[in-house]
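Structural description and commentary
Chain residues, written in single-letter form:
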Number of protein chains: 2
Amino acid sequence: MRASTRVQPKPPSRPRKPSSRTASPAAAPARKAPRQIRSRATVDAIVDAAARVLRQDGYDGTTTNRVAEVAGVSVGSLYQYFPNKEALVRELLERHDRAMWTVFTDQSTCAIGRPFAEAVPAVIDALFAAHLVDPQLHQVLHQQIPRVGALALLHATSVRSRAVVEGLLQARTEEHQRGDDVPTAALVVVESVEALIHASIALPPAQANAVQRHASELVLGYLGVARPGT
Amino acid sequence: MRASTRVQPKPPSRPRKPSSRTASPAAAPARKAPRQIRSRATVDAIVDAAARVLRQDGYDGTTTNRVAEVAGVSVGSLYQYFPNKEALVRELLERHDRAMWTVFTDQSTCAIGRPFAEAVPAVIDALFAAHLVDPQLHQVLHQQIPRVGALALLHATSVRSRAVVEGLLQARTEEHQRGDDVPTAALVVVESVEALIHASIALPPAQANAVQRHASELVLGYLGVARPGT
DNA sequence: TGAATATGCGAGCAAAAGCTCGCGTTGTCA
DNA sequence: TGACAACGCGAGCTTTTGCTCGCATATTCA
């Protein structure tokens, strides 16, 4: 299993990084898809390794060479399936987003029919739960969205959960006091709750729980809904 | 004003970037301070240029060479006053933080003696106003805190304003309903308000204003304080 | 006015990181 | 079982970028 050595002296030149100044919205040139089982395993190994390295070393500390090394494959193999680093991260982003969304919908849908004062905390708790899917990776990914040009993606979780909240508020206008401006209300709710979630990730579990409880009360107070215990 | 040319062939070696994996908490080796007026102007030009470039091109798009170019000086001059890129950004961070803090205290202190239902919105509005000092730069800086090792700095605005809020809540426990856990309450308030501020930066002015109004109501509802107009 | 000091210059080095390419290896299919 | 394709390899090229260093120019001061 040895490979050859030399490379011809001077292949013209290459564009390399778009340099973020000219952030290309065009993005992924795509690469070939795995056909045999062997290669599918390789791709998985690469993606898993990317997640590990990203979690541990952050975006900048993550190099394609390192990812390949951790995955136990060579860089060449990596570039056979991902046109560039960005595409690799984007793939990870999509997987992560799917996982979070699954958790969120699983936990929130069943609660939406219940009384408002219960439904709201349930949705909020679902959002918290969704963020418990690999919080470290989420952190890194969340910080790096603008650089991956995938604004529209991790945003996807926010955008979609905002849509859910907006739908909920719109459907039951008589049960709260924000009927005059539902879109803004949804934005306020999701945005502030997500902030609390991100803050609580770095907190000791005890206080994180406190913050989660307060998140519900924050929103209920804002919506003018009488709290269950009051 | 020409300069020389060659450099000796091989000065041993240099460590270069700490690579973010080994993020050094030690940080800035410091450099010499400007003594003549001429050099003070140079330093200002450099910092101003850094702000401009950072605003326009983001952290990654910002290179020391480009900053020097925009400042109208040479890289050599830049490195005479800043040991590295990080130190330059840190300086900018400190300036920005000072400016924001000034605005915040100016607007909030005068309102703290007023009735609670007025004081709270005043403090929140002050926080909004503070973020109007160069929002674009704030955005970039805010995203890059972890990489500049200056967590403790831009965080400073958050930490200090949280202290203000905590003081306010602690001093007037009878006027709100979060006396049982003031630290968490302060965290919840500052964190969610800041999230709304950051969200509103990207919004059209009309909706940004709506969000700002809602921010006050969010907090007042959470604290269980009767709103002025209700 | 001349030495000493401060300031400024900018070509270019060295390290890091993304990525390619020619070839060896494994799997598939007739 | 042989041929063809999919897969895997990894040395090393190329670009980028932070940063240095020897020297020129400006300022200060006795």
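Residues numbered from 1 in each chain as written. Chains lettered and ligands numbered in written order. Predicted model: local features only at pLDDT ≥ 70, side-chain atom pairs only at ≥ 80, totals over all residues. Heavy atoms only, no water.

Quick look at the relation of the copies chain B and chain A
The transformation that overlays chain B on chain A combines an axial shift of 0.0 Å with a rotation of 180 degrees, and the residual RMSD is 0.1 Å. With respect to symmetry, the two chain copies, as superposed, fit the operation of a two-fold axis. (Least-squares fit on C-alpha atoms with pLDDT ≥ 70 in both.)

Structural notes on the interface of chain B and chain A
At the interface, 30 residues of chain B touch 30 residues of chain A. Taken together, the two surfaces of chain B and chain A that pack against each other cover about 2,900 Å², and 58% of this comes from carbon and sulfur. Our enumeration of links across chain B and chain A arrives at 2 salt bridges. The salt bridge partner of Glu217(A) is Arg178(B), with a shortest N-O separation of 2.6 Å. Our count for the chain B to chain A interface comes out at 4 residue pairs in polar contact (both at pLDDT 80 or more). For the side of chain B that touches chain A, the secondary-structure elements that each account for two or more residues are helix 1 (37-61), helix 6 (135-148), helix 8 (182-201) and helix 9 (205-223) of chain B. Residue composition of the side of chain B that touches chain A, grouped by class: 11 nonpolar, 9 polar and 10 charged. (Contact = heavy atoms within 4.5 Å. Buried area = accessible area lost by both parts, 1.4 Å probe. Salt bridge = Lys/Arg side-chain N within 4 Å of Asp/Glu carboxyl O. Polar contact = N/O pair within 3.5 Å; in protein donor to acceptor, adjacent residues only side chain to side chain. Helix = DSSP H or I, 4+ residues; strand = E, 2+ residues; numbered from the N terminus. Nonpolar A, V, L, I, M, F, W, Y, C, P; charged D, E, K, R; others polar.)

Focus: the packing of aromatic side chains
Residue and element names in this part refer to chain A. One pass over the full model with this rule turns up 2 aromatic pairs over all chains. With a centroid separation of 5.4 Å and 35 degrees between ring planes, the pair formed by tryptophan 101 and phenylalanine 104 is classed as tilted. Residue tryptophan 101 and its partner phenylalanine 104 are located together in helix 4 (residues 85-109), separated by 3 residues, close to a single helical turn. Phenylalanine 104 carries the same exposure label as tryptophan 101, and that label is buried. Note that lysine 85 overlies the ring of tyrosine 59, its terminal NZ or CZ placed 4.4 Å from the centroid. Positioned above the aromatic ring of tryptophan 101 is the side chain of arginine 160, whose terminal nitrogen or guanidinium carbon lies 4.4 Å from the ring centre. (Phe/Tyr/Trp six-rings, centres within 6.5 Å; stacked < 30°, edge-to-face > 60°. Buried < 20%, exposed > 50% of the residue type's maximum accessible area, 1.4 Å probe, protein only. Lys NZ or Arg CZ within 6 Å of the ring centre and 35° of its normal.)

Structural measurements only, silent on function.
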